[in-house]
Amino acid sequence: MRQKPTVLAREIVASSRLFRVEELQLRFSNGVERTYERLVGKGAGYGAVMIVAMIDDEHALLVEEYCGGTDDYQLSLPKGLIEPGEDVLDAANRELKEEAGFGARSLELLAELSLSPGYMSQKIQVVLAQDLYEERLPGDEPEPMRVDKANLRELASLIQQPQFTEGRALAALYLARDVLTQRGIFKA
């Protein structure tokens, strides 16, 4: 295993309501020094969840919401922050109820994914939700989210939709499809 670089200095160089930009002065094992910047979340850092909620053996729920980063409405999987002291699976069920109006009787942690680990510290827990039932909780979204669905047989065509661009969501859908196929639940 490679030796991680030595941190010579670290400093917050910019800050907003949601994020901080941290500058790292690093020295690598070969003596080369570099300055890196990374985006770190504010707050307690409890993480986030993304839910692949299966309506049936081949369809997953999608939600549509306005995304400030792309300045557009996007389709993605339900997701959100884990509250302080909240279990990952409890957070997944809460977010599913808030965003899609469904709860799940069966929840399973599948994986942890990162987004641009070269400059972001955030990670998200991917949860498979099955045996859904209708239940809505009030959420923090500024407007109701439209609920849609994705067929696990048609993921290649899903990525052709201009409103579906989130790589983590696509990876989570493929992962869930593989897990369900291995278990004999999804028949390819």
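Just so it is clear, the model here is predicted, and its values are computed rather than measured.

S.K.: Is there a simple way to think about the overall build of the protein in this case?
M.R.: Looking only at helices and strands, one finds 3 helices and 10 strands in the protein. Traced from its N-terminal end to its C-terminal end, the protein shows the element sequence β-β-β-β-β-β-β-α-β-β-β-α-α. Overall size of the protein, expressed as C-alpha extent along the three principal axes, is 55 × 35 × 35 Å. Burial status across the protein gives 35% buried among its 188 residues. Taking the intrachain contacts of the protein between residues at least 6 apart in sequence as the baseline, contacts between residues at least 24 apart amount to 58%. Of the charged side chains in the protein, 22 are positive and 31 negative, and the gap between their average positions amounts to 7 Å.

S.K.: Is there a simple way to think about the sheet that holds strand β1 (residues 6-15) in this case?
M.R.: Within the open sheet, the 3 strands sit side by side as β1-β2-β3. Their pairing is antiparallel. At either margin of the open sheet sits one strand with a lone partner, and together these are β1 and β3 (33-41). Along the sheet, successive strands turn relative to each other by an average axial angle of 25°, direction set aside. Sheet analysis places strand β2 (residues 19-27) next to β3, joined by 9 bridges and oriented antiparallel.

S.K.: Just checking my understanding: could you explain the domain arrangement of the protein for this structure?
M.R.: Here the protein is described as being made up of domain 1 (6-40) and domain 2 (48-183). For domain 1 and domain 2, the distance between their C-alpha centroids amounts to 31 Å. In this complex, domain 1 contributes 5 residues to the contact, which on the side of domain 2 involves 5 residues. When residues of domain 1 are sorted by the area they lose upon contact with domain 2, R38, L39 and V40 head the list and together hold 72% of the total. Our enumeration of links across domain 1 and domain 2 arrives at 0 salt bridges. Per-element tally for the side of domain 1 that touches domain 2: the top contributor is β3, with 4 residues. Looking at the side of domain 1 that touches domain 2 residue by residue, the classes come out as 3 nonpolar, no polar and 2 charged.

S.K.: Please clarify how the nonpolar core should be interpreted in this entry.
M.R.: In globular proteins that are soluble, nonpolar side chains generally tend to be buried together. Grouped together as the largest cluster of nonpolar side chains are 23 residues, with contacts concentrated most on V52, L77, F164 and L173. Among the secondary structure elements, those contributing two or more residues to this core are β4 (48-53), β5 (59-67), β9 (123-134), α2 (155-158) and α3 (167-182). Per element, the largest residue contribution to this core is 6 residues, and it comes from α3. Setting aside residues no more than four positions away along its own chain, L173 makes contact with V52, A60, L77, L152, L155, L158 and F164. Grouped together as the second largest cluster of nonpolar side chains are 15 residues, A53, A92, L96 and A100 included.

S.K.: Is there a simple way to think about unusual backbone geometry in this case?
M.R.: Glycine aside, a negative phi is what most residues show, and trans is what most peptide bonds show. Here the phi dihedral of D71 falls at roughly 55°; this positive angle occurs in a residue that is not glycine. The exposed category is assigned to D71, whose relative accessible area is 56%. Notably, S116 is not glycine yet its phi reads approximately 50°, a positive angle. Considering the arrangement of structural elements, one finds S116 in the loop between β8 (102-114) and β9.

S.K.: What should I look at first to understand α3 in this one?
M.R.: Because the α-helix completes a turn every 3.6 residues, residues three or four places apart line up on one side. Taking 1.5 Å as the rise per residue, α3 with 16 residues should run 22 Å; its terminal C-alpha atoms sit 23 Å apart, in good agreement. One or two steps after α3, the chain reaches G184, where phi turns positive at roughly 80°.

S.K.: What's the story with the sheet that holds strand β10 (residues 146-151) in this structure? I'm lost.
M.R.: Hydrogen bonds between backbone groups are what pair the strands of a sheet, and the pairing can be parallel or antiparallel. Strand order in the open sheet formed by 3 strands is β6-β5-β10, with antiparallel pairing between adjacent strands. At either margin of the open sheet sits one strand with a lone partner, and together these are β6 (72-76) and β10. Put simply, the sheet's adjacent strands are angled 30° from each other on average, direction ignored. Here β5 runs beside β10; their pairing, made up of 6 bridges, is antiparallel. The partner of H59 across the bridge, within β10, is N151. In the packing of helix α1 (residues 88-100) onto the sheet, the strands contacted are β5 and β10, and the crossing angle to β5 comes to about 70°.

Conventions used here
Residues numbered from 1 in each chain as written. Predicted model: local features only at pLDDT ≥ 70, side-chain atom pairs only at ≥ 80, totals over all residues. Heavy atoms only, no water. Helix = DSSP H or I, 4+ residues; strand = E, 2+ residues; numbered from the N terminus. Buried < 20%, exposed > 50% of the residue type's maximum accessible area, 1.4 Å probe, protein only. Contact = heavy atoms within 4.5 Å. Lys, Arg positive; Asp, Glu negative; His and termini not counted. Charge placed at Lys NZ, Arg CZ, Asp CG, Glu CD. Pairing = 2+ DSSP bridges. Axes fitted to C-alpha atoms, helices over the stretch in contact; angles between N-to-C directions. Domains from an automatic or database assignment. Buried area = accessible area lost by both parts, 1.4 Å probe. Salt bridge = Lys/Arg side-chain N within 4 Å of Asp/Glu carboxyl O. Nonpolar A, V, L, I, M, F, W, Y, C, P; charged D, E, K, R; others polar. Core = buried A, V, L, I, M, F, W, Y, C linked by side-chain atoms within 4.5 Å. Expected span 1.5 Å × (residues − 1).

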